[in-house]
Amino acid sequence: IKSSLCRYVIPTAPHVVGGIEKASGTSMMYALRDLPHNTLQGFDAARAYLCFEEQKGVNLRQNYIDIMTAIGDQLQKGKRLMALMGYADDPKLRSSCRLFEFVSRDDPELHQVNAACKRVLALLGEDLMQFSSTTKPQENSDAADAGRKACGEAEDDTEVVSRLRKLQLG
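On a predicted model such as this, the values are computed, not experimentally measured, just so you know.

What's the story with the environment of Leu 50 in this structure? I'm lost.
Following the sequence through the fold, Leu 50 ends up in helix H3 (residues 43-51). Distance in space between the C-alpha atoms of Leu 50 and Ser 104 is 9.0 Å, their sequence separation being 54 residues. Ignoring any residue separated from it by four or fewer positions in sequence, one finds Leu 50 in contact with Arg 61, Phe 100, Val 103, Leu 110 and Val 113.

What exactly am I supposed to notice about the packing of helix H6 (residues 90-104) against helix H7 (residues 111-123) here?
Relative placement of two packed helices is described by the angle separating their axes and the distance separating the axes. Following both chains from N to C, one finds H6 and H7 inclined at 140°, their axes separated by 8 Å at the closest point. As the angle between them shows, H6 and H7 are arranged oblique. Here H6 and H7 pass one another in a crossing that is left-handed. Between H6 and H7, the contacting residues are Leu 93, Arg 94, Cys 97, Arg 98, Phe 100, Glu 101 and Ser 104 on the first element and Val 113, Asn 114, Cys 117, Lys 118, Val 120 and Leu 121 on the second. Of the residues contributing to the contact of H6 with H7, the split by class is seven nonpolar, two polar and four charged.

I would appreciate a short explanation of the side chain of Ser 104 in the present structure.
Within the element layout of this structure, Ser 104 appears in helix H6. What makes Ser 104 buried here is its relative accessible area of 1%.

It is not clear to me how the nonpolar core should be interpreted in this structure. Could you clarify?
Here is a general trend for soluble globular proteins: nonpolar side chains tend to be buried in one another's company. Core analysis: the biggest nonpolar cluster contains 33 residues, and Met 68, Ile 71, Leu 93 and Phe 100 have the highest contact counts within it. Those elements that place two or more of their residues in this core are H3, helix H4 (60-76), helix H5 (81-85), H6 and H7. In this structure Leu 93 touches Ile 10, Met 68, Ile 71, Leu 81, Met 85, Val 120 and Leu 124, once residues within four positions along its chain are discounted.

Explain a nonpolar patch on the surface here, please?
Side chains of Tyr 8, Met 29 and Tyr 30 sit close together on the surface and give an oily, nonpolar patch of about 310 Å² of accessible area. Among the structural elements, Met 29 can be located in helix H2 (residues 25-30).

Criteria and thresholds
- Residues numbered from 1 in each chain as written.
- Predicted model: local features only at pLDDT ≥ 70, side-chain atom pairs only at ≥ 80, totals over all residues.
- Heavy atoms only, no water.
- Helix = DSSP H or I, 4+ residues; strand = E, 2+ residues; numbered from the N terminus.
- Contact = heavy atoms within 4.5 Å.
- Axes fitted to C-alpha atoms, helices over the stretch in contact; angles between N-to-C directions.
- Parallel < 35°, antiparallel > 145°, perpendicular 65-115°, else oblique.
- Left-handed = near helix turned anticlockwise from the far one by under 90°.
- Nonpolar A, V, L, I, M, F, W, Y, C, P; charged D, E, K, R; others polar.
- Buried < 20%, exposed > 50% of the residue type's maximum accessible area, 1.4 Å probe, protein only.
- Core = buried A, V, L, I, M, F, W, Y, C linked by side-chain atoms within 4.5 Å.
- Patch = residues over 30% accessible without salt bridge, like charges linked within 9 Å, V, L, I, M, F, W, Y side chains within 5 Å.
- Areas by Shrake-Rupley, 256 points an atom, 1.4 Å probe, with all protein chains shown as cover.
- Salt bridge = Lys/Arg side-chain N within 4 Å of Asp/Glu carboxyl O.

Below you can see the structure in the form of structure tokens.
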């Protein structure tokens, strides 16, 4: 999964340094971002992403689990992350795993996502407590409600896609 294709397969929240988003225009466009006033976060958008399932067989949660499982398998076999992902995508993978591990941590329906992310992070020697419940930024209640509503309460796929776009584009 080398090069810029990573953002299509391994989504991340906006990359923020000192309260300012730092990324290419393309990365900014594809970042999982929450509704205003939390557009520099991606917690609710990540939850909505994991709940997306289209009638045509697209299940983003299962796709993410499969990708993280495959990456974990390669790392466990001794493949180096730089050889697997390349220099530019190493931080994106770590960021994505931390984001999805955090948002799936307390949700029993997302236990497979959490386990896959924890496995990859452990194989990379990452600290799983980087996002603790005490350091998580405060959620915007409208963004949180929209993220939760994207799971299970949508009338049809068009409504889910619309909600995902609103979460992503703000």
